[in-house]
Amino acid sequence: MSQTVIDTANHIVAYAAKAARVQVIAAYPITPQTSIVERIAELVESGEFDTEYIRVESEHSAMSTCIGAAAAGVRTFTATAAHGLVLMHEALHWASGSRLPIVMPVVNRTLGPGWNIWADLTDSMSQRDTGWIQFYCADNQEVFDTIIQAYKLCENEQILLPVMICLEAFILSHTYMPVEIPDQKKIDGFLPPYKPKWFLDVDNPLTHGNIVSPKWYMEFRYMIQEAMETAKQLIPEIDKEFGECFGFEHGGLIEKYKCEDADLILLAMGTIGSEAKIAVDNLRKEGLRVGSARIRVFRPFPKEEIRKLAENTQMFAIIDRGISFGMDGFLAEETKASLYNQKDQPLIAGFIAGLGGRDVTFKTVEKIAKKSSEWMRTDRVEKEAVWVDLRE
Amino acid sequence: MSIPPKPRKETPITTLSVPTVGGMGKTGSWRTFRPIVDYSKCTRCTLCWIYCPDGAITRQEDDSPKIDYDYCKGCGICANECPVKAITMEREAE
């Protein structure tokens with residue numbers, strides 16, 4: 001029987017790992033991810049969760065452990081945040097290059113110095129080129145559901161790439177919300193046991209991750225790119241199938257809200273996307289035709305859907321909780337790149353907001369939308385990247 | 001002789017290798033010094049067989065080593081490890 005629990009996203013992640021019947025977990029604590037591995041440790045200790053729980057000495061080791069376990073053919077999991085994630089960087093490439101379906105929640109946290117423990121997307125954004133699929137969640141239910149969906153996706157033999165499930169520090173990780181956890185039998189039906197195409201086996205020896213000459217290296221890279229393209233087809237299909245089974249859908253690649261007739265569309269990720277929906281409702285009461293498009297999947301980037309959104313609107317206002325120093329916000333960059341060579345090119349204004357955990361509420365989003373609509377009326381974006389509420 | 005590559009569609013999606021003899025060709029041609037076993041000194045301790053980094057030494061029925069000169073690169077580790085100096089390294093003929 002399904003049950004509704006009220007808990008933090010971190011604990012919900014632990015319940016999702018259990019529901020996915022993960023077989024190997026590499027555990028290393030880092031704030032604000034720590035209560036994920038702590039809750040899992042409690043579930044293992046109490047006998048509720050039958051899994052191999054491996055305590056490691058660093059995040060680099062955590063990912064290396066996952067690579068070894070996944071190569072041995074079992075369902076594998078770890079979780080991290082911020083500096084832990086960037087310490088993993090090298091191993092992230094090994095995981096994707098070895099085409100291993102590892103799922104890893106990342107609790108998005110600021111990078112130091114000027115260090116703090118609050119929300120910022122720079123940690124996972126700076127891993128965007130590692131060949132990992134990246135989801136960004138807006139609430140605790142989506143966190144649970146996306147972990148289950150992610151295993152289904154990445155274990156598909158057309159994909160076989162690792163997945164990050166990104167959730168913002170404290171705004172989700174430590175906030176209690178009601179979450180419906182479906183019946184285990186139904187989850188097992190949706191997510192059958194992992195059947196690897198190859199695995200390390202002493203009776204049938206093979207090695208993986210070997211040297212490849214320039215004659216063949218490009219072909220292996222091309223196959224990763226092909227899998228990413230296929231993921232763009234499968235993610236909405238899996239989300240839809242999940243919705244049919246369990247009642248919740250999360251928008252596939254992009255969660256669109258009142259975009260059909262919108263002159264101005266707000267593009268954001270994670271919880272800013274939730275705030276944007278409230279802002280849209282408020283602004284529509286004031287007569288502004290605004291919509292919200294929450295980019296749920298950043299890799300593969302849904303450029304075809306972005307192009308479709310661009311066909312019927314005048315302007316995109318893009319909000320980034322992160323900055324690629326020397327260029328723009330990550331989402332603004334990718335969106336602009338997606339629209340080059342296209343006939344329909346709306347005005348685009350980028351906004352940098354909420355770095356280091358500064359609050360971005362629906363009021364902030366409304367302010368951003370109003371500034372954008374002024375520029376829309378004059379058909380001229382005065383500033384390409386606005387730092388919202390920056391102290392002078 | 002190297003293994004002829006298959007078309008892309010038939011290759012595995014990641015780099016997987018299975019044990020095979022001479023996948024990179026006959027590396028014996030790389031050799032400058034050739035290990036020679038003096039079987040009258042050899043005590044059949046098998047250390048040379050254990051230490052050979054290329055698997056170019058096999059154990060014969062009596063545990064004495066047999067060097068496969070098609071693949072031995074002449075690194076000299078076997079000669080260095082041999083506790084009774086039964087293996088000597090001799091320069092290959094010009």
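What counts as what
Residues numbered from 1 in each chain as written. Chains lettered and ligands numbered in written order. Predicted model: local features only at pLDDT ≥ 70, side-chain atom pairs only at ≥ 80, totals over all residues. Heavy atoms only, no water. 1 Å grid on protein atoms, 1.4 Å probe; cavity = no way out; pocket = protein on both sides within 12 Å on 5 of 7 lines; lining within 4 Å. Points joined across faces, edges and corners; volume = space filled by probe spheres on them. Nonpolar A, V, L, I, M, F, W, Y, C, P; charged D, E, K, R; others polar. Salt bridge = Lys/Arg side-chain N within 4 Å of Asp/Glu carboxyl O. Helix = DSSP H or I, 4+ residues; strand = E, 2+ residues; numbered from the N terminus. Axes fitted to C-alpha atoms, helices over the stretch in contact; angles between N-to-C directions. Parallel < 35°, antiparallel > 145°, perpendicular 65-115°, else oblique. Left-handed = near helix turned anticlockwise from the far one by under 90°. Contact = heavy atoms within 4.5 Å. Buried < 20%, exposed > 50% of the residue type's maximum accessible area, 1.4 Å probe, protein only. Lys, Arg positive; Asp, Glu negative; His and termini not counted. Buried area = accessible area lost by both parts, 1.4 Å probe. Domains from an automatic or database assignment. Polar contact = N/O pair within 3.5 Å; in protein donor to acceptor, adjacent residues only side chain to side chain. Pairing = 2+ DSSP bridges. Phe/Tyr/Trp six-rings, centres within 6.5 Å; stacked < 30°, edge-to-face > 60°. Lys NZ or Arg CZ within 6 Å of the ring centre and 35° of its normal.

Student: How do you make sense of empty space enclosed by the protein when you look at a structure like this?
Tutor: Vacant regions in the atomic arrangement are exposed by a probe of water-molecule size rolled over the atoms. Residues and elements named next belong to chain B. By the definition in use, this model includes four cavities of 30 Å³ or more. Considering the residues around the largest cavity, the lining is formed by Val-37, Cys-42, Thr-43, Arg-44, Cys-45, Thr-46, Cys-48, Asp-63, Pro-65, Cys-82, Pro-83 and Ile-87. Considered class by class, the residues forming the lining of the largest cavity number eight nonpolar, two polar and two charged.

Student: How should I be thinking about the pattern of salt bridges in this particular structure?
Tutor: For side chains of opposite charge, pairing can occur when their charged atoms come near one another. Residues and elements named next belong to chain A. As enumerated under the stated definition, the model contains 34 salt bridges over all chains in all. The residue Arg-128 makes a salt bridge to Asp-129 at a minimum N-O spacing of 3.8 Å. The partner of Arg-296 in a salt bridge is Glu-142, with the nearest N and O atoms 2.7 Å apart. Note that Arg-296 is positioned in the loop between β13 (290–295) and β14 (297–299) and Glu-142 in helix α7 (residues 140–154), a separation of 154 residues in sequence.

Student: Honestly, the packing of helix α1 (residues 9–19) of chain A against helix α2 (residues 34–45) of chain A in this entry has me stumped. Any pointers?
Tutor: All names here are of chain A. Running from amino to carboxyl end, α1 crosses α2 at an angle of 45 degrees, the nearest separation of the two axes being 8 Å. One element, α1, and the other, α2, form an angle in the oblique class. α2 is crossed by α1, and the crossing has right-handed handedness. For the pair formed by α1 and α2, the contact residues are Asn-10, His-11, Val-13, Ala-14, Tyr-15, Ala-17 and Lys-18 on the first element and Ser-35, Ile-36, Arg-39, Ile-40 and Leu-43 on the second. By residue class, the composition of the contact of α1 with α2 is seven nonpolar, three polar and two charged.

Student: Sorry if this is basic, but what is going on with the side chain of Asp239(A) here?
Tutor: Residues and elements named next belong to chain A. Within the secondary structure layout, Asp-239 lies in helix α9 (residues 214–246). Within the buried set, Asp-239 has no salt-bridge partner at all; the shortest N-O distance to an opposite charge, 4.0 Å, is to Arg-296. Setting aside residues no more than four positions away along its own chain, Asp-239 makes contact with Gln-149, Phe-248, Glu-249, His-250, Gly-251, Gly-252 and Arg-296.

Student: I'm lost on helix α12 (residues 330–339) of chain A in this one. Help?
Tutor: A turn of α-helix holds 3.6 residues, and therefore any two residues three or four places apart point the same way. Residues and elements named next belong to chain A. Extensive coverage of α12 is indicated by the burial of eight of its 10 residues. Those residues of α12 that sit buried are Phe-330, Leu-331, Ala-332, Glu-333, Glu-334, Thr-335, Ser-338 and Leu-339. Just downstream of α12, Asn-341 is the residue with a positive phi angle, here 70 degrees.

Student: How should the interface of chain A and chain B be read in this particular structure?
Tutor: One widely used convention gives an interface's size as the accessible area the parts lose upon coming together. At the interface, 18 residues of chain A touch 14 residues of chain B. When the two sides are added together, the surface that chain A and chain B hide from each other amounts to roughly 1,400 Å², 65% of it contributed by carbon and sulfur. When the area that chain A buries against chain B is broken down by residue, the three leading residues are Trp216(A), Phe220(A) and Met223(A), summing to 34%. The interface formed by chain A and chain B holds two salt bridges in total. Across the pair Lys9(B) and Glu226(A) runs a salt bridge, and its minimum N-O distance is 3.9 Å. Sorting the residues of the side of chain A that touches chain B by element identifies β10 (207–208) and α9 of chain A as the ones contributing at least two each.

Student: Could you clarify how one ought to interpret the domain arrangement of chain A in this entry?
Tutor: Residue and element names in this part refer to chain A. According to the domain assignment, chain A consists of domain 1 (3–246) and domain 2 (255–387). Of note, the centres of domain 1 and domain 2, computed from C-alpha atoms alone, are 28 Å apart. Facing the 29 residues of domain 1 at the interface are 25 residues of domain 2. Regarding the contact of domain 1 and domain 2, the summed buried area is about 2,200 Å², with carbon and sulfur atoms giving 54% of it. For domain 1, the biggest contributors to the area lost against domain 2 are Met-125, Arg-128 and Lys-232; these three give 27% of the whole. At the boundary of domain 1 with domain 2, the tally comes to six salt bridges. Here Glu-334 ties to Arg-128 by a salt bridge, and the two come within 3.4 Å at their closest N and O atoms. The tally of links between domain 1 and domain 2 comes to 18 residue pairs in polar contact (both at pLDDT 80 or more).

Student: What exactly am I supposed to notice about the pairing of strand β12 (residues 264–268) of chain A here?
Tutor: Residue and element names in this part refer to chain A. In terms of residue burial, β12 counts as a mostly covered element, since five of its five residues are buried. Taking every second residue as pointing to the same face, both faces of β12 are buried, with Leu-264, Leu-266 and Ala-268 on one and Ile-265 and Leu-267 on the other. Two strands pair when backbone bridges link them, and β12 and β13 are joined in this way by five bridges, in the parallel orientation. Bridge assignment links Leu-267 to a residue of β13, and that residue is Ala-293. Strand direction decides the pairing type here: β12 and strand β15 (residues 315–320), joined by four bridges, are parallel. Directly across from Leu-264, in β15, lies its bridge partner Met-315.

Student: Would you mind going over unusual backbone geometry with me for this structure?
Tutor: A negative phi angle characterises most non-glycine residues, just as the trans form characterises most peptide bonds. Residues and elements named next belong to chain A. Put simply, Thr-31 and Pro-32 share a cis peptide bond, and its omega is 0 degrees. That bond from Gly-112 to Pro-113 is cis: its omega, 0 degrees, falls within 30 degrees of zero. One non-glycine residue, Asp-389, adopts positive backbone phi at about 60 degrees. With respect to the helices and strands, the residue Asp-389 is situated in the segment after β17 (385–387). Taking the relative accessible area as the measure of exposure, Asp-389 reaches 41% and is therefore partly exposed.

Student: What is the right way to read the packing of aromatic side chains from this model?
Tutor: The tally for this structure, following the rule as stated, stands at six aromatic pairs over all chains. Between Phe190(A) and Phe242(A) the ring centres are 5.3 Å apart and the planes differ by 85 degrees, which places this aromatic pair in the edge-to-face class. Separated by 52 residues along the polypeptide, Phe190(A) in helix α8 (residues 184–190) and Phe242(A) in helix α9 bring together distant segments of the chain. Judged by centre distance (5.6 Å) and plane angle (70 degrees), the rings of Phe190(A) and Phe246(A) are edge-to-face. Placement of the pair is Phe190(A) in helix α8 and Phe246(A) in helix α9, with a sequence separation of 56 residues. The same class applies to Phe190(A) as to Phe246(A), namely buried. Put simply, the rings of Tyr136(A), Phe298(A) and Phe301(A) touch in pairs and so form one group of aromatic residues. The lysine or arginine in question, Lys152(A), covers the ring of Phe190(A), its NZ or CZ lying 4.5 Å from the ring centre. Above the plane of the ring of Tyr69(B) lies Arg34(B), whose end atom (NZ or CZ) is 4.3 Å from the centre.

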